[in-house]
Amino acid sequence: MLIASYTDFSMAGWSWPHFHPVELACKCRSHGCRGEYWHDPKFLDALEALRGKVGRPLKINSGHRCGVRNVLVGGAPESRHRRIAVDISLSKHDRHAVLQAAIDSGFTGIGRGRTFIHLDRRVRPATWTYPGAEASWQI
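Procedures and definitions
- Residues numbered from 1 in each chain as written.
- Predicted model: local features only at pLDDT ≥ 70, side-chain atom pairs only at ≥ 80, totals over all residues.
- Heavy atoms only, no water.
- Core = buried A, V, L, I, M, F, W, Y, C linked by side-chain atoms within 4.5 Å.
- Buried < 20%, exposed > 50% of the residue type's maximum accessible area, 1.4 Å probe, protein only.
- Helix = DSSP H or I, 4+ residues; strand = E, 2+ residues; numbered from the N terminus.
- Contact = heavy atoms within 4.5 Å.
- Salt bridge = Lys/Arg side-chain N within 4 Å of Asp/Glu carboxyl O.
- Polar contact = N/O pair within 3.5 Å; in protein donor to acceptor, adjacent residues only side chain to side chain.
- Axes fitted to C-alpha atoms, helices over the stretch in contact; angles between N-to-C directions.
- Parallel < 35°, antiparallel > 145°, perpendicular 65-115°, else oblique.
- Left-handed = near helix turned anticlockwise from the far one by under 90°.
- Expected span 1.5 Å × (residues − 1).

Novice: Explain the nonpolar core to me, using residue names and the numbers behind them.
Specialist: Formed by 30 residues in total, the largest nonpolar core has its most connected members in Leu 47, Leu 50, Ile 88, Ile 117 and Leu 119. Those elements giving two or more residues to this core turn out to be strand 2 (37–38), helix 2 (41–54), strand 4 (86–89), helix 4 (95–104) and strand 6 (116–120). Here the element with the most residues in this core is helix 2; it accounts for five residues.

Take a look at the structure:
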């Protein structure tokens, strides 16, 4: 469900203690965007499960993106960020442990970057490695 601004979202009944809508909302705040937020409880359940398995805070670099923000950051036209996806920083994390925890938490779209991991919950599972990140993921 798309909400025009995370500030319009009621926190009553919020069940995900390690996350807040502001972390998942569009960061552009320009061109008419007021911090769009895409609310998806199943996605949040998976994100909270991931946080529990990792056992440490997760820094979300990017969550939902409005159309303008997606273009500005060079996102794919059909980017999952246009609804809900996250790019999580791998700084201070074991990338392979985060990857396994993401799989175990039900994420089905997994992109491996040099400094981040992209996660979404698409119907048809897909994994990829972003250009320039291949060496970062070798064991």
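After that view, the rundown keeps rolling.
Novice: Now, about the side chain of His 81: what can you tell me, with residues and values included?
Specialist: Within the element layout of this structure, His 81 appears in the loop between helix 3 (67–72) and strand 4. Given the relative accessible area of 2%, His 81 is considered buried. Sequence-distant contacts of His 81, that is, excluding residues within four places in its chain, are made with Ser 62, Gly 63, His 64, Arg 65, Val 86, Asp 87 and His 118.

Novice: Talk me through the pattern of salt bridges; I want residue IDs and the actual numbers.
Specialist: For the structure on display, the rule yields three salt bridges. A salt bridge links Asp 87 to Arg 65; the shortest N-O distance between them is 3.5 Å. Of the two residues, Asp 87 is situated in strand 4 and Arg 65 in the loop between strand 3 (60–62) and helix 3; the sequence distance between them amounts to 22 residues. Since its relative accessible area comes to 9%, Asp 87 is described here as buried. According to the relative accessible area criterion, Arg 65 is buried, its value standing at 9%.

Novice: Describe the side chain of Ser 5, listing the residues and the values that go with them.
Specialist: Counting through the fold element by element, Ser 5 comes out in the loop between strand 1 (2–3) and helix 1 (21–24). Within polar-contact distance, the side chain of Ser 5 engages the backbone oxygen of Arg 34 at 2.8 Å. Setting aside anything within four residues of it in sequence, one finds Ser 5 in contact with Arg 34, Gly 35 and Glu 36.

Novice: Which residues make up the packing of helix 2 against helix 4, and what values go with them?
Specialist: Orientation of helix 2 relative to helix 4, taken along the N-to-C sense of each, is 140 degrees, at an axis distance of 9 Å. The angle between helix 2 and helix 4 places the two elements in the oblique class. The hand of the helix 2/helix 4 crossing is right-handed. The residues of helix 4 that touch helix 2, namely those facing Leu 50, Lys 53 and Val 54, are Val 98, Ala 101, Ala 102 and Asp 104.

Novice: I'd like a rundown of helix 2, residues and numbers included.
Specialist: Residues that lie three or four places apart on an α-helix share one face, since the helix turns once every 3.6 residues. Spanning 14 residues, helix 2 covers 20 Å between terminal C-alpha atoms, matching the ideal 20 Å at 1.5 Å per step. Residues of helix 2 that are buried: Phe 43, Leu 44, Ala 46, Leu 47, Glu 48, Leu 50 and Arg 51. Close packing links the buried residues of helix 2 with helix 1, strand 2, strand 3, strand 4, helix 4 and strand 6. Between the side-chain oxygen of the N-cap and the backbone nitrogen of Lys 42 there are 3.1 Å, and the N-cap of helix 2 in question is Asp 40. Taken from the residues just after helix 2, Gly 55 is the one with a positive phi, measuring 75 degrees.

Any functional reading would require information beyond the geometric quantities listed.
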